[in-house]
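# Fold and geometry: a report
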Amino acid sequence: MHITLDINGDSHRLELDTRTTLLDALRLHLGLTGTKKGCDHGQCGACTVLMDGRRVNACLTLACMAQGRSVTTIEGMSGNGNGLSALQRAFLEHDGFQCGYCTPGQICSATGMLEELREGWPSHASASLDGPFPLSHAEIAERMSGNLCRCAAYSNIVDAIRAAAGDADQQEDAA
Ligand code: FES
Ligand code: FES
C-alpha cells in the first residue's frame, strides 16, 4: 500500500506491506536508524518515538497507523540541526548512558513524559490524582519504567531528566 508519513517535519511517500511496523519503516525504508530495535515486542522501550507528541513503541505501531500523524524521532529532537535539545544536553552532562543503545528511546520517552507531567497526568507513584506532581525520583522511575537500560544507567538518567526539567533539588533527592 502507498502511505505518506510525516517524520520530523518532512513528508515521505512509501510503498509498504500493510504489516510493516513504524519501526521498520523508519529504520529499513527511511534510513532513520537512531530509533533502535531491542526486543521488537513492546517490552524494552528502545524504539520509543513521539506520535503527535505522545510516546509510542514504534515496534507495536503499524506504519499505516502513523499516516496523517506527526512523528518525531531522535533525529528530529535537535531542532533540525539547530543544536541539542535540553534533554540531549542533560544526558551528556550527567552521563545518562553507557553503550547508548537505549538512549534515543529514553530521550524520546522523557520528552513525552515531561509533557504528560506538565498536563497533570497522574502516575501509579502519585500520591493523588490531582497535580501538580513533584518531579521526584519515584515519579520519574515509574513514568520511565517502560524504558529499560541494560547498562543500568538509571540513576544518571533520572538526574539528566530532572536537570532538563529545571529541578534544582535533583541532587538532594537522588542521593
Ligand atoms: S523494540 Fe520496541 S519495545 Fe523493544
Ligand atoms: S546505556 Fe546501554 S542499554 Fe542503556
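The rules behind the values
- Residues numbered from 1 in each chain as written.
- Chains lettered and ligands numbered in written order.
- Predicted model: local features only at pLDDT ≥ 70, side-chain atom pairs only at ≥ 80, totals over all residues.
- Heavy atoms only, no water.
- Patch = residues over 30% accessible without salt bridge, like charges linked within 9 Å, V, L, I, M, F, W, Y side chains within 5 Å.
- Areas by Shrake-Rupley, 256 points an atom, 1.4 Å probe, with all protein chains shown as cover.
- Salt bridge = Lys/Arg side-chain N within 4 Å of Asp/Glu carboxyl O.
- Helix = DSSP H or I, 4+ residues; strand = E, 2+ residues; numbered from the N terminus.
- Expected span 1.5 Å × (residues − 1).
- Buried < 20%, exposed > 50% of the residue type's maximum accessible area, 1.4 Å probe, protein only.
- Domains from an automatic or database assignment.
- Buried area = accessible area lost by both parts, 1.4 Å probe.
- Polar contact = N/O pair within 3.5 Å; in protein donor to acceptor, adjacent residues only side chain to side chain.
- Nonpolar A, V, L, I, M, F, W, Y, C, P; charged D, E, K, R; others polar.

The chain appears in an unreviewed UniProt entry as (2Fe-2S)-binding protein from Haematobacter missouriensis.

### Topic: a nonpolar patch on the surface
A grouping of Leu84, Leu92 and Phe97 is seen on the molecular surface, where their side chains present a nonpolar patch of about 250 Å² in accessible area. Here Leu84 is to be found in the loop between β5 (70–72) and α2 (86–93).

### A word on helix α3 (residues 103–118)
With 16 residues, α3 should reach 22 Å at 1.5 Å per residue; the first-to-last C-alpha distance of 22 Å fits that figure. In terms of burial, α3 is largely enclosed, as 13 of its 16 residues are buried. Where α3 ends, the next residue or the one after it, Gly120, has phi of about 85 degrees, a positive value.

### Describing the domain arrangement of the chain
Here the domain parsing of the chain yields domain 1 (2–76) and domain 2 (79–165). Domain 1 and domain 2 are separated by 21 Å when their C-alpha centres are compared. Between domain 1 and domain 2, a total of about 1500 Å² is buried, with carbon and sulfur atoms accounting for 50% of that surface. Viewed at the interface, domain 2 and domain 1 are joined by two salt bridges. A salt bridge links Arg54 to Glu119; its shortest N-O distance comes to 2.7 Å. Taken together, the links from domain 1 to domain 2 amount to nine residue pairs in polar contact (both at pLDDT 80 or more). Elements that contribute at least two residues to the side of domain 1 that touches domain 2 include exactly β3 (48–51) and β4 (54–57). Residue contributions to the side of domain 1 that touches domain 2 peak at three residues, all from β3. Of the residues assigned to the side of domain 1 that touches domain 2, the class counts are five nonpolar, ten polar and four charged.

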